[in-house]
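# Per-entry structural report
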Amino acid sequence: MAQLLGTTGGGQPVLLLGNLDFSDIKDSLIEHMKESEVFADYDFSGSALSTLMDLLAYNSTLYTYYANMIANESFLDTAIKQESIASLVKPLSYTPFSRRSAEATVVVSGTGQTIQMGDPFTGGGYNWTPKREYYINGNTEITLIQGNKIDSTSNDLIDSQIGHQRFPIGRTEIDTTTLKVFVDEGNGWNEWTKVDNLVGNVAGVTAGDKIYYLNSSHMGGYEVYFGDDVVGKKPIHMSAVRMEYIVTAGEEANQVADFSTPVTGVGIVSTTKASVGGSNAEALENIRKNAPSFYQTQGRAVTAKDYESFVKQ
């Protein structure tokens, strides 16, 4: 914010771009006012005019601060707000990694039961669930992942009038590796494929491929969007969208070895491997460092840093 101090030889105010402290701004305003013959005999330190100078200096300081913060949030190196960094890394095609669920291997017994993701197990004060569907007949080794399964149908339907419609994921504690996206175009729920899981990524996507994209959201967490009938199929108008995923405690659930389950007819025999692999979401400082490195790879895996970047994604 510029301040006024004195006049030039032609009687025009001098604009100073420094001295942005509150007291400096106020002194600059007072010095400028003293140059005017209208206020030549005023006592700026003891009159009501001093209060007006305080208000003007306060307003200038406030807007100086806002201008500085807006400028800082416009660059990846200086941004500190999560929503700013999430927006800045999108043009780099970088999606910050989410929490990861801890996994444990246990042996369970049963007589012909089928268990699947969503069935409840407990251990270490946390909820667990099978990683996939298992048929239990006798002693069977299964993998448990820590977290609760969420099955959420979006309140918003596909609207063909919206150019870039996005569907926010309601929970920030999601493990994005467990995300499944379903679309009902009037013929039942059909699972769509994450574009990153395709060979060649977006390069091989046609207009008819049922794919979805996952991005970080400026509101925190993640959001899903679909193709545009050029790169990926756009769901038909008024289609419904449903998402399944696991919300997890991350690294807090590591090193759990004792498990139990209320599932009828299923018992825990032993723990083959205590829980490992749980991790928290990517820290902002790591996003700042990793996003440019990921962009520099340009989809190749040649150097050691290229592989490091791909592993992190």
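Residues numbered from 1 in each chain as written. Predicted model: local features only at pLDDT ≥ 70, side-chain atom pairs only at ≥ 80, totals over all residues. Heavy atoms only, no water.

### Re the nonpolar core
Soluble, globular proteins show a tendency: their nonpolar side chains are buried together. Rules: We call a set of buried Ala, Val, Leu, Ile, Met, Phe, Trp, Tyr and Cys residues a nonpolar core when their side-chain atoms join them within 4.5 Å. Think of it in three bands: residues with accessible area under 20% of the maximum for their type are buried, residues over 50% are exposed, and the middle band is partly exposed, with areas taken using a 1.4 Å probe on protein chains only. Helix and strand labels come from DSSP, where a helix needs a run of H or I of at least four residues and a strand needs a run of E of at least two; each type is numbered from the N terminus.
One finds Ile169, Leu179, Val181, Val224, Phe226 and Met243 to be the most contacted residues of the largest nonpolar core, which totals 17 residues. Every element with two or more residues in this core is listed here: β9 (174-184), β11 (211-216), β12 (222-226) and β13 (240-247).

### Notes on the pairing of β9
Selection criterion: A strand pair is defined by DSSP finding two or more bridges across the two strands.
Taken across its eleven residues, β9 has eight buried, putting it largely inside the fold. As defined by bridge partners, β9 adjoins β13 across seven bridges and the pair is classed as antiparallel. Looking at the pairing, Phe182 lines up with Arg242 of β13. Two elements, β9 and strand β10 (residues 189-194), share four bridges in a ladder whose sense is antiparallel.

### Section: the sheet that holds strand β3 (residues 103-115)
Here is the rule: The axes are straight lines fitted to the C-alpha atoms, using for helices just the contacting stretch, and the angles between their N-to-C directions are given from 0 to 180°.
The antiparallel open sheet is built from five strands, whose spatial order is β4-β5-β6-β3-β14. The sheet is open, and its two borders are formed by β4 (121-123) and β14 (267-276), each paired with just one other strand. Each neighbouring strand pair of the sheet contributes to a mean axis angle of 40°, computed without reference to strand direction. Two strands pair when backbone bridges link them, and β3 and β14 are joined in this way by six bridges, in the antiparallel orientation. Considered in β14, the bridge of Val108 is made with Ile268.

### Some words on the sheet that holds β12
Taken in spatial order, the seven strands make up an open sheet running β7-β13-β9-β10-β11-β12-β8, and their pairing is mixed. Of all strands in the sheet, those with a lone pairing partner are β7 (148-153) and β8 (167-168), marking the two edges.

### With respect to the packing of aromatic side chains
To keep things clear, this is the line we draw: When the centres of two rings from Phe, Tyr and Trp lie within 6.5 Å, Trp using its six-membered ring, the rings pair. Their planes under 30 degrees apart give stacked, over 60 give edge-to-face, and anything left gives tilted.
In total, this model carries five aromatic pairs according to the counting rule given. Between Tyr65 and Tyr66, the ring centres sit 6.0 Å apart and the planes meet at 55°, which makes this aromatic pair tilted. Taken together, a centroid distance of 6.0 Å and an interplanar angle of 70° make the contact between Phe167 and Phe226 edge-to-face. Here Phe226 lies in strand β12 and Phe167 lies in strand β8, a separation of 59 residues in the sequence. For the residue pair Phe167 and Phe226, the accessibility class agrees, reading buried in each case.

### Let's talk about the pairing of β12
Most of β12 sits inside the fold, with five of its five residues counted as buried. Burial along β12 is two-sided: Tyr222, Val224 and Phe226 facing one way and Glu223 and Tyr225 facing the other are all buried. Sheet topology note: the β8/β12 ladder contains two bridges and is antiparallel. When the sheet's bridge partners are listed, Pro168 is paired in β12 with Glu223. Examined bridge by bridge, β11 and β12 share five bridges and lie antiparallel to one another. Each residue of the ladder has a partner; that of Ser216, found in β12, is Tyr222. If you look at the hairpin formed by β11 and β12, you'll find five residues sitting between the two strands, and Gly220 has a positive phi there, around 100°.

### Description of the layout of surface pockets
Our working rule: Cavities and pockets were defined on a 1 Å grid built from protein atoms only: a cavity is a group of points that admits a 1.4 Å probe but offers it no way out, a pocket is an open group of points flanked by protein on both sides within 12 Å along at least five of seven lines, and a lining residue is one with an atom within 4 Å of any such point. Grid points are joined across faces, edges and corners, and a volume is the space filled by probe spheres set on the points. When residues are sorted by character, Ala, Val, Leu, Ile, Met, Phe, Trp, Tyr, Cys and Pro go into the nonpolar class, Asp, Glu, Lys and Arg into the charged class, and all the rest, Gly among them, into the polar class.
Volume-wise, the second largest pocket comes out at about 310 Å³. Lining the second largest pocket are 17 residues, with Met117, Lys131, Arg132, Thr178 and Lys180 positioned closest to its centre. Looking at the lining of the second largest pocket, the element that brings in the most residues is β9, giving six residues. In terms of residue class, the lining of the second largest pocket is made up of four nonpolar, four polar and nine charged.

### Things to note about the environment of Val266
For the record, the criterion: A contact between two residues is defined here by any heavy atoms of the two lying within 4.5 Å.
On the secondary structure map, Val266 appears in the loop between β13 and β14. On the basis of relative accessibility, which here comes to 9%, the residue Val266 falls in the buried class. For the pair Val266 and Ile136, spaced 130 residues apart in the sequence, the C-alpha separation amounts to 8.0 Å. Residue contacts for Val266: discarding those within four places in its chain leaves Val108, Ser109, Gln113, Ile115 and Thr261.

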